[in-house]
Amino acid sequence: MNEAVPQTGKKKIPLHIQILIALILGTVIGLVINPGEIPISDSVTGTLVPGEGETIVLTETGDSGLVYFEKTLDSADQLKGGFPSLAESWTGEKLEYAVSNPNLYIIEEPSKIVIRYTRDQADRSAVSTYSASRASELPPQWQPFYEQHGGGISRKITAASKYIGDLFLRLLKMITIPLIVSSLITGVAGLGDTRQFGRMFGRTLLYYATTSVLAITTGLLMVNLVNPGIGALLPGGGEMVAGQDESLTGIFLGLLNNMIPSNPVHALANGDFLSIITFSILFGVCIIFTGGKSAETLRNFFQAFFDVMMRLTMAIIALAPIGVLAFMIYATSTQGLGIFLTLAWYMLAVALALFVHAVVVLPLMVKFIAKRSPWEFAQAMSPALMTAFSTASSNATLPLTMTSVEKRAGVSNQTSSFVLPLGATINMDGTALYEAVAVLFIAQATPGFELTLGGQVVVAITALLASVGAAGIPHAGLVMMAIVLQAVGLPLEAQGIIIAVDRVLDMARTTVNVWSDSCGCAIIDQYANPQEASPDAVSA
Ligand code: ASP
């Protein structure tokens, strides 16, 4: 079996070890240069005044005149939900209070500057964010602050890391579409007859559905056990996530629309995963139906195309350690670490549930259904898993997932080319689980909100749909959470605070998403080619 690194003649450190070193090194460098939060030297005073109609305007201003936080609340109920201590003192007339522990945080990316403000009163922590594409576009009152604290060496390293990481991501994106097309067509056309395709399709969907439901169940059990939201701090405000108005039906119909491209060339150019997958599958199936010389010619052509794409993919993933290093520096140096403490129980619940699903449930399936050693299989998949962790994108990881599954784990191209691209888009165990835990956390932390068992079932079903609808890109799960929140009548704003820790959780859930797709390959391959599945195909 080939190692997934181009052979250079001299002995090389195996790719997964290189990536592991990059992962650890990146984390250490990121933590060392993390500038931390910048304490505000101002003394900050907040005011609440009645606004138009039932609204209440909340402002927090420093002695220097800087406005750190501004928000119009819809009603006294919203005040109670977001700022209970203030709600207690609110009589409907102007109210002043001191903010006890405000902090600022600067995140510099190559294309934008973000300043984040966190207020930490006895009972609440809230986050608001200001961003601009360059320093001169920041609101004027923020510019002196930025000049004083921004642009340090650590921030330059962060910006450079982001840039390098993004370059690596571009390379991966560059090969993803041609790789999916050539691999799917080769895989489906290579199945030989359509009955075999039908069986593979059925088994794949059954696997996706089973593991997603298991993941959600694990998540719900864990959150009911840990109860992270009881007495937890919810945001008084914060960024809103785009895409939150979409209804469940809207998302579902959109998904169906997306599966049938009116113009496949447009879908290719646009990178519409689902459209491309449908068209490639249909094309492959029709190659089987057509048969004869035409089928032979096309099979040979797409096989050759696929071989070349695979060669290019391997050359690019040899750069994965650099990409992973850059991403880890970026991810760890830009996190406001303080917020982690506030949300420790919530993060723990998500992490534990993901851990149980990834380390107990899925390996048991690999062991007993795929009849392979889960440990060896995980080792074979490690380059893909670590890349998923650092990039937080199933789509971007796809080229690595495909090469690891085929070249290192010995799964046939027929199986992987079918299970993986579709899985990257619709099989997201980690995301489904995360949706369930996060929404239950928000429900527990929302004063006066009671989520019945029936409500939890609604969460489970909508979390499943949200995970199917989520794209394999960073933070997609957070955007999709809006439909779950809406389904049970929770405020979308409650997402405000969990955004701050979403990157880390996204990294973890994306790894589980990719791991589940990979385990699906091992399982389905066992039934497609029982005699060929080789448990000791790991070469490094
Ligand atoms: N980032 C995840 C993925 O690419 C999706 C999500 O945000 O949950 O698989």
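Cut-offs used in this document
Residues numbered from 1 in each chain as written. Predicted model: local features only at pLDDT ≥ 70, side-chain atom pairs only at ≥ 80, totals over all residues. Heavy atoms only, no water. Helix = DSSP H or I, 4+ residues; strand = E, 2+ residues; numbered from the N terminus. Contact = heavy atoms within 4.5 Å. Areas by Shrake-Rupley, 256 points an atom, 1.4 Å probe, with all protein chains shown as cover. Near = heavy atom within 4 Å. Polar contact = N/O pair within 3.5 Å; in protein donor to acceptor, adjacent residues only side chain to side chain. pLDDT = per-residue confidence, 0-100. Expected span 1.5 Å × (residues − 1). Bend = angle between axes of the 7 residues up to and from the residue. Phe/Tyr/Trp six-rings, centres within 6.5 Å; stacked < 30°, edge-to-face > 60°. Lys NZ or Arg CZ within 6 Å of the ring centre and 35° of its normal. Pairing = 2+ DSSP bridges. Axes fitted to C-alpha atoms, helices over the stretch in contact; angles between N-to-C directions. Core = buried A, V, L, I, M, F, W, Y, C linked by side-chain atoms within 4.5 Å. Buried < 20%, exposed > 50% of the residue type's maximum accessible area, 1.4 Å probe, protein only. Patch = residues over 30% accessible without salt bridge, like charges linked within 9 Å, V, L, I, M, F, W, Y side chains within 5 Å. Salt bridge = Lys/Arg side-chain N within 4 Å of Asp/Glu carboxyl O. Parallel < 35°, antiparallel > 145°, perpendicular 65-115°, else oblique. Left-handed = near helix turned anticlockwise from the far one by under 90°. Nonpolar A, V, L, I, M, F, W, Y, C, P; charged D, E, K, R; others polar. Disulfide = S-S within 2.5 Å.

**Q** Just checking my understanding: could you explain the overall build of the protein chain for this structure?
**A** Along its length, the protein chain carries 21 helices and eight strands. Sequence-distant contacts, at least 24 apart, represent 77% of the contacts inside the protein chain between residues at least 6 apart. Accessible surface computed for the protein chain: about 22,400 Å², of which carbon and sulfur atoms make up 63%.

**Q** Honestly, the site of the ligand in this entry has me stumped. Any pointers?
**A** Taken together, 16 residues surround the ligand, and among them Ser394, Thr431, Gly477, Asp506 and Arg509 come closest. Contact between the ligand and Ser394: an oxygen atom at 2.4 Å from a side-chain N or O atom of the residue. Protein chains bury 100% of the 270 Å² of accessible surface belonging to the ligand in isolation. Elements with a minimum of two residues in the shell around the ligand: α19 (476-487) and α21 (502-528). The biggest single contributor to the shell around the ligand is α21, with four residues.

**Q** Sorry if this is basic, but what is going on with the confidence of the model for the protein chain here?
**A** Here the protein chain averages 82 in pLDDT, while 85% of its residues score no lower than 70. Scored below 50 in pLDDT, residues 235-245 makes 36 contacts in the model with residues more than four places away or belonging to other chains. In the predicted structure, residues 531-540 sits below a pLDDT of 50 and forms 21 contacts with residues beyond four places in sequence or in another chain.

**Q** Can you help me understand helix α13 (residues 344-368) in this one?
**A** Since the α-helix advances by 3.6 residues per turn, residues separated by three or four positions end up pointing in the same direction. With 25 residues, α13 ought to run about 36 Å at 1.5 Å a step, and its terminal C-alpha atoms sit 35 Å apart, in line with that. Of all bends in α13, the biggest is about 30 degrees, found at His357.

**Q** What is the right way to read the packing of aromatic side chains from this model?
**A** For any two aromatic rings, the description comes down to two numbers: the centre-to-centre distance and the angle of the planes. Counted according to the given criterion, the structure contains ten aromatic pairs. Ring geometry for Phe197 against Phe201: centres 5.8 Å apart, planes inclined by 25 degrees, an arrangement best described as stacked. One end of the pair is Phe197 and the other is Phe201, both in helix α6 (residues 194-226) and four residues apart, which spans about a single turn. Clustering of aromatic rings is evident, with ring pairs tying together Phe279, Phe283, Phe301, Phe302 and Phe305. The ring of Tyr330 carries the charged tip of Lys162 above its face, separated from the ring centre by 5.4 Å. Positioned over the ring face of Tyr434 is Arg509, at 4.0 Å from the centre of the ring.

**Q** Help me understand the sheet that holds strand β5 (residues 95-98), please; the structure alone is not making it clear to me.
**A** Hydrogen bonds along the backbone pair up the strands of a sheet, which may run parallel or antiparallel. Read from one edge to the other, the open sheet built from four strands follows the order β4-β3-β2-β5, with strand pairing classed as antiparallel. Strands at the two margins of the open sheet, each flanked by one partner only, are β4 (67-73) and β5. Between one strand axis and the next, the sheet turns through 15 degrees on average, direction left out of account. Note: strand β2 (residues 44-50) against β5, four bridges, orientation antiparallel. Across the sheet, residue Thr47 finds its bridge partner in β5, namely Glu96.

**Q** Would you mind showing me how to read the nonpolar core here?
**A** Note that soluble globular proteins tend to have their nonpolar side chains buried in a common cluster. In terms of nonpolar packing, the biggest core is built from 124 residues, with Tyr346, Tyr434, Met481, Ile498 and Trp515 touching the most fellow members. Not counting chain neighbours up to four residues away, the residues in contact with Tyr346 comprise Pro228, Tyr434, Ala438, Phe441, Ile498, Val501 and Leu505. Of all hydrophobic cores here, the second largest spans 28 residues; its members include Val44, Ile56, Trp90 and Trp142.

**Q** Help me out: how do you make sense of helix α10 (residues 292-317) in this one?
**A** When the terminal C-alpha atoms of α10 are compared, their 37 Å separation across 26 residues agrees well with the 38 Å that a helix rising 1.5 Å per residue should span. Along α10, the positions that sit buried rather than exposed are Ala295, Phe302, Phe306, Met309, Met310, Thr313, Met314, Ile316 and Ile317.

**Q** Would you explain a nonpolar patch on the surface in this entry?
**A** On the surface, Ile13, Ile17, Ile21, Leu25, Ile29, Ile153 and Ile157 cluster together into a nonpolar patch covering about 590 Å² of accessible area. Every element with two or more residues in the nonpolar patch is listed here: α1 (15-33) and α5 (153-189). By residue number, the principal contributor to the nonpolar patch is α1, which donates four residues. When you line up the elements, Ile17 lands in helix α1. Take Ile17: its relative accessible area is 33%, and that puts it in the partly exposed class.

**Q** When you look at the pattern of salt bridges in this model, what are you seeing that I'm missing?
**A** Charged atoms that come close allow side chains of opposite charge to pair. Enumeration over the complete set of coordinates arrives at three salt bridges. Between Asp166 and Lys162 there is a salt bridge, with the nearest N and O atoms lying 2.9 Å from each other. Of the two residues, Asp166 and Lys162 are both situated in helix α5; the distance of four residues between them amounts to about one turn of the helix. Here the residues in one salt-bridge network are Asp502, Asp506 and Arg509, joined through shared partners.

**Q** Please clarify how the packing of helix α14 (residues 374-391) against helix α15 (residues 394-408) should be interpreted in this entry.
**A** The geometry of a pair of packed helices is captured by two quantities: the angle between their axes and the separation between those axes. The N-to-C vectors of α14 and α15 enclose an angle of 175 degrees; their axes lie 8 Å apart at closest approach. Judged by the inter-axis angle, α14 sits roughly antiparallel to α15. Across from Gln379, Ala380, Met381, Ser382, Pro383, Ala384, Thr387, Ala388 and Thr391 in α14, the residues of α15 making contact are Thr397, Leu400, Thr401, Ser404, Val405 and Arg408.

**Q** Is there a simple way to explain the environment of Thr72 in this structure?
**A** One can find Thr72 in strand β4. Between the C-alpha atom of Thr72 and that of Thr55, which follows or precedes it by 17 residues, the distance is 6.5 Å. For Thr72, the residues in contact, after removing those within four places along its chain, are Thr55, Ile56 and Val57.

**Q** What should I look at first to understand the side chain of Thr204 in this one?
**A** When you line up the elements, Thr204 lands in helix α6. Excluding residues that lie within four positions of it along the chain, Thr204 makes contacts with Phe418, Val419 and Ile524.

**Q** What is the right way to look at the packing of α1 against α14 in this model?
**A** At a minimum axis distance of 8 Å, the contact between α1 and α14 shows a crossing angle of 25 degrees. Taken together, the axis directions place α1 and α14 in an arrangement best described as roughly parallel. Crossing angle aside, the handedness with which α1 passes α14 is left-handed. Note on element contacts: α14 touches α1 through Ser382, Pro383, Met386, Thr387, Phe389 and Ser390, opposite Leu15, His16, Ile19, Leu20 and Leu23. Among the residues forming the contact of α1 with α14, the class breakdown is seven nonpolar, four polar and no charged.

**Q** Please clarify how the environment of Met507 should be interpreted in this entry.
**A** Tracing the chain through its elements places Met507 in helix α21. Remark: the alpha-carbon pair of Met507 and Ala392, spanning 115 residues in sequence, is separated by 4.5 Å. Beyond its immediate stretch of four places on either side in the chain, Met507 contacts Met328, Ala331, Ala388, Phe389, Ser390 and Ala392.

**Q** What am I meant to see in the state of the cysteines here?
**A** Note on terminology: disulfide describes a covalent bond linking the sulfur atoms of two cysteines. Applying the stated criterion across every chain, the model contains zero disulfides. Free cysteine Cys521: the closest other cysteine sulfur is in Cys519, separated by 9.1 Å.

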